[in-house]
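# Structural characterization, general
One-letter residues, chain by chain:
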Amino acid sequence: MISQEMLALGQSRSCIRELFEYGMKQAAIVGKENVFDFSIGNPSIPSPPLVNESFLDIVRTENSLDVHGYTSAAGYPGVRKAVADDLNQRYDAHIRPENLFFTCGAAPALIAVVRALAVKDAEIVGVAPFFAEYRPFIESNGAKFVVTPPDMEHFQIRLDEMATRINEHTQAVLINSPNNPSGVVYTKETLEKLANLLTEKSREVGHPIYLISDEPYRELVYDGAVVSWVPSIYPNTVVCYSYSKSLSLPGERIGYVCVPDGAADSAELYAAVAGAARVLGHVCPPSLQQRVVARCAAERPDLAAYDKNRKALYEALTSYGYVCPKANGAFYMFVKAPGGSSKAFSDRAKEKNVLIVPGNDFGCPEYFRLCTCVSYDTIQRSLPLFKELIDSFQ
């Protein structure tokens, strides 16, 4: 009477969530200040002032029935226009409000796109390291997840390996830049080469291969890194976005799918995304959150604190002998585990109440992920423990 697939997912849970829950329990025992939780990507900078001001003003001044009532399934017209205007101003994207379908964050946006493309024997190709939830998102919604091995030197994309994994069943390639967990931004050169590969492979297999660009960290970049507007490089791109990171709103659950007019069969694909969202229980995005986004579409985060944390951790850990790429996006570091096993290293760190996520579920079992969106004090007090940990493996 119970789905064994869903039972297994419910019992295994996310490795990230397991550590996060463990950290909260430990905090109650030893004190929050004695738990160094680098497990979960929960933004640690406040929302831009306009965000909270907008919440308050909307609730105080607008009609309550409108504020809290249903909107269209795709979202309030005002928010779709505001976001389209912002994308066009920033990227010359040629996006119409009708290209946007608002969702309760990037996760349901991705799942709706996967389900919209999940024809019989469908495959979706990802790139390691990848966000751990991609596997259940894809495999529980009608497609097979095919993984391209990681580029362990630069953490870009091994296009030669990807080429061997694309076949007539390939419906899409899924990318995430800035990347969770590596913090690396895919270069324009990488994306152009990927576009050439997908154009060539689409001709070979006789149908369009879509590119799904998962972009919740689009605004979080450092050192002059540039996040390209991917549809301008490869027209058959669908963009999934969330305001969780850019506006520090992870608990409010608001994001969108963008299906540009230039994508193959764009009208049908958009309708299929809407249909997939419908069967997944989508009624409409949160009404109040939509109104806030409409007012804050052009707001950008102040990244000074994240940048300070990123530099402090990178400089200290590499001086101790840890190896990792220098992240230029998001708020993560992906570090090679001393001893070779990230699970063993994570378990040993856990004994010191240092919570780091092993890379097994990210497709890189030799690396572990650190979230740098913690307090600077937490980083400074954790550094002696990281030194002790690496010394214990030497």
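Scope of this entry: the structure provided in the associated data block. (Residues numbered from 1 in each chain as written. Predicted model: local features only at pLDDT ≥ 70, side-chain atom pairs only at ≥ 80, totals over all residues. Heavy atoms only, no water.)

The next subject is the side chain of Asp86. You can see Asp86 is positioned in helix 5 (residues 77–91). Judged by relative accessible area, which is 10%, Asp86 ranks as buried. In terms of polar contacts, Asp86 uses its side chain to reach the side chain of Arg300, at 2.9 Å. Apart from the residues within four sequence positions on either side, Asp86 is in contact with Ala297, Ala298 and Arg300. (Helix = DSSP H or I, 4+ residues; strand = E, 2+ residues; numbered from the N terminus. Buried < 20%, exposed > 50% of the residue type's maximum accessible area, 1.4 Å probe, protein only. Polar contact = N/O pair within 3.5 Å; in protein donor to acceptor, adjacent residues only side chain to side chain. Contact = heavy atoms within 4.5 Å.)

Turning next to the packing of helix 3 (residues 49–61) against helix 11 (residues 287–296). Interaxial distance between helix 3 and helix 11 falls to 9 Å at its minimum, and their mutual angle equals 125°. Relative to helix 11, helix 3 is oriented oblique. Crossing angle aside, the handedness with which helix 3 passes helix 11 is right-handed. Each of Leu50, Val51, Ser54, Phe55, Asp57, Ile58 and Val59 in helix 3 lies in contact with helix 11, whose residues at this interface are Leu288, Gln289, Arg291, Val292, Arg295 and Cys296. Among the residues forming the contact of helix 3 with helix 11, the class breakdown is 8 nonpolar, 2 polar and 3 charged. (Axes fitted to C-alpha atoms, helices over the stretch in contact; angles between N-to-C directions. Parallel < 35°, antiparallel > 145°, perpendicular 65-115°, else oblique. Left-handed = near helix turned anticlockwise from the far one by under 90°. Nonpolar A, V, L, I, M, F, W, Y, C, P; charged D, E, K, R; others polar.)

In total, this model carries 24 salt bridges according to the counting rule given. Across the pair Glu62 and Arg291 runs a salt bridge, and its minimum N-O distance is 3.3 Å. On the criterion of sequence distance, the pair formed by Glu62 in the loop between helix 3 and helix 4 (64–67) and Arg291 in helix 11 is long-range, its members being 229 residues apart. Judged by its relative accessible area of 9%, Arg291 is buried. The partner of Asp377 in a salt bridge is Arg381, with the nearest N and O atoms 2.8 Å apart. Note that Asp377 and Arg381 are positioned in helix 14 (residues 376–391) at a spacing of 4 residues, about one turn of the helix. Residue Asp377 is classed as partly exposed on the basis of its relative accessible area of 45%. In this structure, a network of salt bridges that share partners links the residues Asp86, Arg90, Glu215, Arg218, Glu219 and Arg300. (Salt bridge = Lys/Arg side-chain N within 4 Å of Asp/Glu carboxyl O.)

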